[in-house]
Protein chains: 2
Amino acid sequence: MEKVKLKTNTLKKEIINIFKKFGLNNNHASISANALINAELVGAYGHGLSRLKMYCDRISKKVINAKAKIKIRNISQSITHVDGNNAIGFVAADTAIKIAIKNAKKTGIALVAVKNSGHYGLSGYYAEQAVKKGLMVMVFTNAPPAVAPYGALKSLFGTNPICFGTPTGSKIPFILDTSISMINRGKIRVAAREGKRIPEGVALDKSGKPTTDPKKALEGVQLPIAGFRGSGLAWMVDILSGVITGGNHAGRVKDPFADFSGPQNIGHLFFVLKPNLFVGNSFNKRIKDNIKTIKKLPKIKGVKEILYPGQNKFNRFKNNLKKEINISKAVLKDLEYLRSI
Amino acid sequence: MEKVKLKTNTLKKEIINIFKKFGLNNNHASISANALINAELVGAYGHGLSRLKMYCDRISKKVINAKAKIKIRNISQSITHVDGNNAIGFVAADTAIKIAIKNAKKTGIALVAVKNSGHYGLSGYYAEQAVKKGLMVMVFTNAPPAVAPYGALKSLFGTNPICFGTPTGSKIPFILDTSISMINRGKIRVAAREGKRIPEGVALDKSGKPTTDPKKALEGVQLPIAGFRGSGLAWMVDILSGVITGGNHAGRVKDPFADFSGPQNIGHLFFVLKPNLFVGNSFNKRIKDNIKTIKKLPKIKGVKEILYPGQNKFNRFKNNLKKEINISKAVLKDLEYLRSI
């Protein structure tokens, strides 16, 4: 499929202008544009520009609040509750991770729960902010129904990622950001937009039959990793990010592309800690030793290097930063539309 | 295989006496016996009496410290570091979860890290203690090498369980306790002891070939769930329970059955929080609604009820509590030996 190339900065300015046209203030527009551009640069296209029009549509239909006033309630020096006031998810999540970082630096640990938020892109993007400040972090969020609980014939859990980040003693952070579905829903969406197939064994159509058609998969059910284990992990994430935060849960988070009947009210949970709490200055030596020892293991034929989670994304980011961003025709059409209105 | 039945209380008393004979005080012997009996009652035989002789052997060889003096260092009202002094794992973990429960009740959240501990049985057993006090909990521990990192030809990660528990508003707690290997190492060990086969696709032998022979699997490599995702989760658990606690990590936890060259120095991490921190009294209503909604989903043919993690174990526990405990011939042989010396 033909692609168009655009410079990162040009593109970022344009996205900021689009969001401002839709009523976001400069700060919120900028936070949102940075998150979308970052997703493109790390190669997570399902969380990048392919979502721009959706965000703008939701603002137009007033199911994202362009003028959100985010409320912060400090429960203790380590515990904070954020009410996103239906802001665009990026802004609610950015507020929350910044509070978590500040409080963890002060008290050693921080727990920040967010309600009334929306889709915020990649969990790893927020985890990285904490790791860059020398902190360890776990991030949980729920998402619209995509995966069937073990034993059920209907999707209810989102792809509910589990995200963990830690400093590594090197400039490449360890960022595990893994959905509990066999495939990321964003990837299925991109395949659908670009007319590609999806792998076998990752999804069922709405009648319960295996499918490699991304459109049928989006109407059907995604399969969790490892049967009841993955289903249990998804359930845990729904409780941590939805039940305890005041967010929607149990399958009530609306699909942002298809359901404009109200805000998503997604919940997030950020847990941040100082990695040197218990072992002091030896943390750096310990984590370096851990990674080095694992990298030295004998490798499967054809594997050049054992990579830790986050290395691939970091490398893609570094390479892409030097280049112009490839825009698919579908995204270009969205951009032209958003410029024109 | 022929089994022998013994009454729970008779058996518990006998285990306490055995541990005392090996030098544990009454309290430590009792904590350890309760954990072993609980594993039998919930049907987790790989963490039950099949390990009793191993624990006693390690005490005899002085790689478990029968007279351990556990050191507790409070870093803040919410953060504690426990040095297990190479106690039997049950006792170090029991100390830690009790501190975590007390501190979470006081401050809303508690983080307790443990070093110089050993194999402690089921993570879910400690999670349940917190849940019974109305708290939400995550538990991480590492374990001897059993699973190969993604891309590696050699085991390094333990089966490194991820454990999460929450009150449910009913008497059956939600306890997810899932190893990130395709099969629990304890189950392979029980199959080996009882001369049974293991399922296909869960392990490789030491040359890298698939095997259903439990003995070959124990010498070889267990497969992680979901490839790089499961490998990443195992790595996360190794960092959370080993690197930051001061415990062994990166494959240095010794196999308790095979390596008597020193203590295991396993690390654990307990994170406990009040589930009503953010939503107050509505938590109970929310979690009940969550579970009820999921249970009401249309079911796959043949599935009677969608179960949440922990329900099966609870039901087995309830049923088994009324009965006598079945002892395999192999365990009976161990018991006779331990009585005799």
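In the block above lies the structure referred to throughout.
Bear in mind that the values here come from a model prediction, so they are computed numbers and not experimental data. (Residues numbered from 1 in each chain as written. Chains lettered and ligands numbered in written order. Predicted model: local features only at pLDDT ≥ 70, side-chain atom pairs only at ≥ 80, totals over all residues. Heavy atoms only, no water.)

1. Description of the packing of aromatic side chains
All chains considered together, the criterion is met by 22 aromatic pairs over all chains. Between Tyr125(A) and Tyr126(A), the aromatic rings sit 5.3 Å apart at their centres with planes inclined by 80°, giving edge-to-face as the arrangement. Residue classification places Tyr126(A) among the buried residues on the basis of a relative accessible area of 1%. Its end group placed over the ring of Phe260(B), Arg58(B) keeps NZ or CZ at 5.2 Å from the ring centre. (Phe/Tyr/Trp six-rings, centres within 6.5 Å; stacked < 30°, edge-to-face > 60°. Buried < 20%, exposed > 50% of the residue type's maximum accessible area, 1.4 Å probe, protein only. Lys NZ or Arg CZ within 6 Å of the ring centre and 35° of its normal.)

2. Some thoughts on the sheet that holds strand β2 (residues 71-74) of chain B
Residues and elements named next belong to chain B. In space, the seven strands of this open sheet follow the order β2-β3-β4-β10-β5-β6-β7, with mixed pairing throughout. For this open sheet the edge positions go to β2 and β7 (174-178), each flanked by a neighbour on one side alone. When the angles between neighbouring strand axes are averaged without regard to direction, this sheet yields 10°. Taken together, the five bridges between strand β3 (residues 79-83) and strand β4 (residues 109-117) define a ladder with parallel strand orientation. Across the sheet, the residue bridging to Thr80 is Val112, located in β4. (Pairing = 2+ DSSP bridges. Helix = DSSP H or I, 4+ residues; strand = E, 2+ residues; numbered from the N terminus. Axes fitted to C-alpha atoms, helices over the stretch in contact; angles between N-to-C directions.)

3. Some words on the pairing of β4(B)
Residue and element names in this part refer to chain B. For β4, the buried fraction is high: eight of the nine residues fall into the buried class. In this fold, β3 hands off to helix α4 (residues 89-107), which returns the chain to β4; that crossover is right-handed. Across seven bridges, β4 lies against strand β10 (residues 266-273) in antiparallel orientation. Note that in β10 the partner of Ile109 across the bridge is Leu273. (Right-handed = clockwise from strand over helix to strand, strands pointing away.)

4. A closer look at the relation of the copies chain B and chain A
Superposing chain B onto chain A takes a rotation of 180° plus a shift of 0.0 Å along the axis, which leaves an RMSD of 0.0 Å. Such values leave the two copies arranged in the relation of a two-fold axis. Using C-alpha coordinates, one finds that chain B approaches the rotation axis most closely at Ala226(B), a distance of 3.2 Å. Here 99% of the interface residues in chain B have copies in chain A that are interface residues too; the copies meet face to matching face. (Least-squares fit on C-alpha atoms with pLDDT ≥ 70 in both. Contact = heavy atoms within 4.5 Å.)

5. Brief notes about the pattern of salt bridges
Residue and element names in this part refer to chain A. On inspection of all chains with the given rule, the structure shows 16 salt bridges over all chains. The partner of Lys53 in a salt bridge is Asp57, with the nearest N and O atoms 3.0 Å apart. Taken as a pair, Lys53 and Asp57 lie in helix α3 (residues 52-60) at a separation of four residues, close to a single helical turn. Judged by its relative accessible area of 25%, Lys53 falls in the partly exposed class. As a salt-bridge pair, Lys132 and Glu128 come within 3.3 Å of each other at their nearest N and O atoms. Separated by four residues within a single helix, Lys132 and Glu128 lie in helix α5 (residues 123-132), roughly one turn from each other. (Salt bridge = Lys/Arg side-chain N within 4 Å of Asp/Glu carboxyl O.)

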